Amino acid sequence: SAVISQKPSRDICQRGTSLTIQCQVDSQVTMMFWYRQQPGQSLTLIATANQGSEATYESGFVIDKFPISRPNLTFSTLTVSNMSPEDSSIYLCSVTDLYTEAFFGQGTRLTVV
Amino acid sequence: GNSVTQMEGPVTLSEEAFLTINCTYTATGYPSLFWYVQYPGEGLQLLLKATKADDKGSNKGFEATYRKETTSFHLEKGSVQVSDSAVYFCALNDLTGGGNKLTFGTGTQLKVEL
């Protein structure tokens, strides 16, 4: 199993600013995933973050808007840039183990005003 | 591409009632199937999983069987409790491209009342 710590747990931000979300895992993992859960909706994968390479973004998400860092095998950050109210969501970090089970952080609840 | 369709909520039941939440999927290959639960104010937790056809996942009184012929993975519980009130997500994994991404359904909110 994996324990994931995500910070901050929530934030209220002004439009036009940026927020960086941190994800710390208690074990080394190859792949980390960032999801977005918009109000009342399901989870949508933003990108896959591999250590030592550029993140792979899903359709509809771009690096300029959601830059990701993955400096080592236990840590990643997601930045939400130039925020607008439409970015108000819960952002979740996830990792998977060898048996495909996914573990999630508690999420970061972002409100953009 | 892959997709997961689950019944819309909210589903409201009385305590001790029988629960079914339907989930069907479309996928290439042979994905694993999952049910995740999100209790109020908490993150997602794995509830149960099945990795191949005819497998039955079970946990905390919940069950789901991987039905390849009907591409379904319906969640059932014989007697729900107020503490089961949560949002339930059906999901499948996608191992294409060497990755391990999850595709989620839209979630079904369950409310259990006394």
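Before any of the text, the structure's been laid out above.
Heads up: these notes are all about the structure in this document. (Residues numbered from 1 in each chain as written. Chains lettered and ligands numbered in written order. Predicted model: local features only at pLDDT ≥ 70, side-chain atom pairs only at ≥ 80, totals over all residues. Heavy atoms only, no water.)

**What about the packing of aromatic side chains?**
Step number 1: Under the defined criterion, the tally for this structure stands at eleven aromatic pairs over all chains.
Step number 2: Ring geometry for Phe62 of chain B and Tyr88 of chain B: centres 5.6 Å apart, planes at 40 degrees, overall tilted. With Phe62 of chain B in strand 8 (residues 62-65) and Tyr88 of chain B in strand 10 (residues 86-94), this pair connects stretches of sequence that are 26 residues apart. Across the pair, exposure class does not vary: Phe62 of chain B and Tyr88 of chain B are buried alike.
Step number 3: Grouped by ring-pair contacts, the aromatic residues Tyr35 and Phe104 of chain A together with Phe34, Tyr36, Phe89 and Phe104 of chain B constitute a single cluster. (Phe/Tyr/Trp six-rings, centres within 6.5 Å; stacked < 30°, edge-to-face > 60°. Helix = DSSP H or I, 4+ residues; strand = E, 2+ residues; numbered from the N terminus. Buried < 20%, exposed > 50% of the residue type's maximum accessible area, 1.4 Å probe, protein only.)

**A word on the state of the cysteines**
Step number 1: All chains considered together, the criterion is met by two disulfides over all chains.
Step number 2: The residue that forms a disulfide with Cys23 of chain A is Cys93 of chain A, at a sulfur-sulfur distance of 1.9 Å. On the sign convention where negative is left-handed, the bridge of Cys23 of chain A and Cys93 of chain A, at about -65 degrees about the S-S bond, is left-handed. With Cys23 of chain A in strand 3 (residues 19-25) and Cys93 of chain A in strand 9 (residues 89-96), the pair connects residues that are 70 residues apart, well separated along the chain. Each member of the pair, Cys23 of chain A together with Cys93 of chain A, is buried.
Step number 3: What pairs with Cys23 of chain B in a disulfide is Cys90 of chain B, and their sulfur atoms sit 1.9 Å apart. Residues Cys23 of chain B and Cys90 of chain B are joined through a disulfide that is left-handed, its torsion about the S-S bond being -70 degrees. In this pair, Cys23 of chain B is assigned in strand 4 (residues 23-26) and Cys90 of chain B in strand 10, connecting sequence segments 67 residues apart. An identical accessibility class is assigned to Cys23 of chain B and Cys90 of chain B; each is buried.
Step number 4: Cys13 of chain A takes part in no disulfide bond, and the closest cysteine sulfur, belonging to Cys23 of chain A, lies 18 Å away. (Disulfide = S-S within 2.5 Å.)

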